[in-house]
Amino acid sequence: MSGRRVLVASQRGCPEAALHHAAAFAGSDGEVVLASVVVIPLGQPLGASLGRAVDDACAALDAGERAAAGARSFDTRLVRGRSFAEAVLALADEEDFDVIVLEDGPASPCNDERAQIEAVIERAPATVVLVRPAMSSRSPSMAR
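No experiment lies behind these values; they were computed from the predicted model shown.

(A) Structural detail: the environment of Ala134. Considering the arrangement of structural elements, one finds Ala134 in the segment after strand E5 (127-131). In this structure the C-alpha to C-alpha distance between Ala134 and Ala17, which are 117 residues apart in sequence, comes to 8.9 Å.

Below you can see the structure in the form of structure tokens.
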């Protein structure tokens, strides 16, 4: 079997641990695609320019490209949706991925990150792997 096509999706920052695992899943003949998700509020059109949110998403894609500089095949996507799960699932339906890798970190109590991840796990058309980076590699101030 040749390499796998692996999607790494994130809504905040560059998911370096997930990229590392995705490269291992993809193998030397596979491809890793990093998707940075911008969640568009219901009151805005999906094509709305959200300034800083889009800038942050693009910065995450740039950081991902630097982190994956040694990858044999790497690509990026800027994805918009009404929710993280909706955006990831739509991309997974549009493109054929063998594995979806999500990075889970400390969630803030006022958002629904865990529910969004659970929705992707339950409904994704591919195998979903959840990566939790070692907290020892992060300073306490970086935990959200």
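(B) Spotlight on the pattern of salt bridges. Following the criterion strictly, the structure yields seven salt bridges and no others. Between Arg5 and Glu31 there is a salt bridge; the shortest N-O distance is 2.7 Å. Placement of Arg5 in strand E1 (residues 5-10) and of Glu31 in strand E2 (residues 31-39) is noted, with a sequence separation of 26 residues between them. Glu31 shares its class with Arg5; the two are buried. Two residues, Arg12 and Glu113, come together in a salt bridge whose shortest N-O distance is 3.0 Å.

(C) Molecular detail of the pairing of E1. Summarising burial for E1: six of the six residues are buried, a large majority. Covered by surrounding structure in E1 are Arg5, Leu7 and Ala9 together with Val6, Val8 and Ser10, the residues of both alternating faces. Looking at chain direction, E1 and E2 are connected through six bridges and run parallel. Looking at the pairing, Ser10 lines up with Ser36 of E2. Note that the unit made of E1, helix H1 (residues 16-26) and E2 has a crossover that is right-handed. Two strands pair when backbone bridges link them, and E1 and strand E4 (residues 99-103) are joined in this way by four bridges, in the parallel orientation. Counted as the bridge partner of Val6 is Val99 from E4.

(D) Seen up close, the packing of helix H3 (residues 84-94) against helix H4 (residues 113-123). Look at H3 against H4: their axes get within 8 Å of each other, and the N-to-C directions meet at 30°. When the axis of H3 is compared with that of H4, the two are roughly parallel. Along this stretch, H3 crosses H4, giving a crossing that reads as right-handed. Seen from H3, the contacting residues are Phe84, Ala85, Val88 and Leu89; seen from H4, they are Gln116, Ala119, Val120 and Arg123. Residues that form the contact of H3 with H4 fall into these classes: six nonpolar, one polar and one charged.

(E) Examining the side chain of Glu95 more closely. Secondary-structure assignment places Glu95 in the loop between H3 and E4. Residue classification places Glu95 among the buried positions, given a relative accessible area of 18%. Beyond its immediate sequence surroundings of up to four residues, Glu95 is in contact with Arg5 and Arg77.

Conventions we followed
- Residues numbered from 1 in each chain as written.
- Predicted model: local features only at pLDDT ≥ 70, side-chain atom pairs only at ≥ 80, totals over all residues.
- Heavy atoms only, no water.
- Helix = DSSP H or I, 4+ residues; strand = E, 2+ residues; numbered from the N terminus.
- Salt bridge = Lys/Arg side-chain N within 4 Å of Asp/Glu carboxyl O.
- Buried < 20%, exposed > 50% of the residue type's maximum accessible area, 1.4 Å probe, protein only.
- Pairing = 2+ DSSP bridges.
- Right-handed = clockwise from strand over helix to strand, strands pointing away.
- Axes fitted to C-alpha atoms, helices over the stretch in contact; angles between N-to-C directions.
- Parallel < 35°, antiparallel > 145°, perpendicular 65-115°, else oblique.
- Left-handed = near helix turned anticlockwise from the far one by under 90°.
- Contact = heavy atoms within 4.5 Å.
- Nonpolar A, V, L, I, M, F, W, Y, C, P; charged D, E, K, R; others polar.

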